[in-house]
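# Geometric and topological summary
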Amino acid sequence: MHPPFITHPPFLIIAIDGGAASGKSSTARALSERFNLLHVDTGSFYRAITAELVRRGIAPEDLDALRATLPALAPGTRVEGRAARMEIAGRAPAPAELRGPAVNAAVSHFAAVPEVRAALLAYQRGQAGVARAHGFRGLVMEGRDIGTVIFPDADLRVFLHADPEERARRRALEGQQDSIAERDRLDTRRKTAPLAIPPGATAIDSTHLTLAQVVEHLSALVAATSPPPAA
Ligand code: CDP
Ligand code: CDP
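Residues numbered from 1 in each chain as written. Chains lettered and ligands numbered in written order. Predicted model: local features only at pLDDT ≥ 70, side-chain atom pairs only at ≥ 80, totals over all residues. Heavy atoms only, no water.

## Notes on unusual backbone geometry
What counts here: Only DSSP runs of H or I reaching four residues or more are called helices, and only runs of E reaching two or more are called strands; each is numbered from the N terminus. Buried means the residue's accessible area, taken with a 1.4 Å probe over protein chains only, is under 20% of the maximum for its type, while exposed means over 50%, and partly exposed covers the values in between.
With a phi angle near 60°, Ala21 is a residue other than glycine that sits in the positive phi range. Looking at the element boundaries, Ala21 is found in the loop between strand S1 (12-18) and helix H1 (24-35). Residue Ala21 is classed as buried on the basis of its relative accessible area, which comes to 10%.

Now the structure itself:
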């Protein structure tokens, strides 16, 4: 007698990149719900590291302090609903802290430092293991270098655009104080893992599209990538 042949649907990886307020998080959240994926917002990881370094009084230029501190942070992951949250020393910073003005102003400066990016590389790739351990069918990861550096072989690579004026309007509607043009400039011009369209990515300009339209378009692409799991 042969043991029963068990088939697992393939583990799905979706990479979404784009500038600030291009719609990455809202789109990724919607796809995570529709396709049972872990939602990994890597911007929140850079923000959590930044909040911790700011709290310790470390400046992005202080490489000695960064080299001494980063390996000791050893972040963990807490899964809340479908979202992965970074914990440092057992504490996940509140979303309000992560999106406060101090972190908004500092995050792109820390994110341009190769040591900071290197410290986060394995942690981000390790989210696939977190997703598997929690029974998700895959993950949708959003950021600036997901399709170019973190998961260049993702099943689907997406790059979201929107005009700067529209993106500023979206952030203002959320009541956030955030100079997104300055972050975009720093993120695009840095030497290590700059914001760029990954090879083979599906690029979507959402300036005149609703969130629902973007999600419908991408859902069709995800559904075409692999068959849905058996109910
Ligand atoms: O939500 P928003 O698009 O405004 O920003 P975010 O995704 O929370 O990312 C905050 C900052 O983290 C970005 O401006 C980048 O400097 C940095 N980041 C990065 O360098 N690489 C990533 N994969 C994700 C974020
Ligand atoms: O993650 P990212 O910074 O790229 O953007 P987001 O936080 O998902 O989106 C910023 C805001 O724009 C949210 O309030 C979304 O609901 C809104 N949005 C929109 O109005 N139209 C879209 N096509 C996408 C997002």
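## Some thoughts on the site of ligand 1
Definition in use: By convention in this text, a residue qualifies as near a molecule or strand provided that one of its non-hydrogen atoms is within 4 Å of it. Each polar contact in these results corresponds to two N or O atoms within 3.5 Å; when the atoms are within protein, one needs to be able to donate a hydrogen and the other to accept it, and residues that are neighboring in sequence are counted only if both atoms are side-chain atoms. Note on areas: these come from Shrake-Rupley sampling with a 1.4 Å probe, and a residue is covered only by the protein chains present in the view. Under this grouping Gly is polar, as are all residues other than the nonpolar Ala, Val, Leu, Ile, Met, Phe, Trp, Tyr, Cys and Pro and the charged Asp, Glu, Lys and Arg.
In the region of ligand 1, 20 residues are neighbours, and Arg47, Arg117, Arg171, Arg183 and Asp187 sit closest. For ligand 1, an oxygen atom lies 2.8 Å from a polar atom in the side chain of Lys24. Measuring from an oxygen atom of ligand 1, one finds a side-chain N or O atom of Arg117 at 2.8 Å. Out of a free accessible area of 520 Å², ligand 1 has 99% covered by protein chains. Those elements that provide at least two residues to the shell around ligand 1 are helix H2 (42-55), helix H5 (101-111) and helix H10 (180-189). Per-class residue counts for the shell around ligand 1 are six nonpolar, four polar and 10 charged.

## A few points about the packing of aromatic side chains
What counts is decided by this rule: Planes of paired rings set the category: under 30 degrees apart is stacked, over 60 is edge-to-face and the rest tilted, where pairs are Phe, Tyr or Trp rings (Trp by its six-membered ring) whose centres lie within 6.5 Å. Comment: the charge-over-ring label is applied if NZ (Lys) or CZ (Arg) is within 6 Å of the ring centre and within 35 degrees of the ring normal.
The final tally for this structure, using the stated rule, is one aromatic pair. When the centroid spacing of 5.0 Å and the interplanar angle of 75° are considered together, the rings of Phe45 and Tyr123 count as edge-to-face. You can see Phe45 sitting in helix H2 and its partner Tyr123 sitting in helix H6 (residues 114-125), a full 78 residues away along the chain. A relative accessible area of 0% places Phe45 in the buried class. Note on Tyr123: relative accessible area 12%, which makes it buried. If you follow Arg132 out to its NZ or CZ, it ends over the ring of Phe11, 4.0 Å from the centre.

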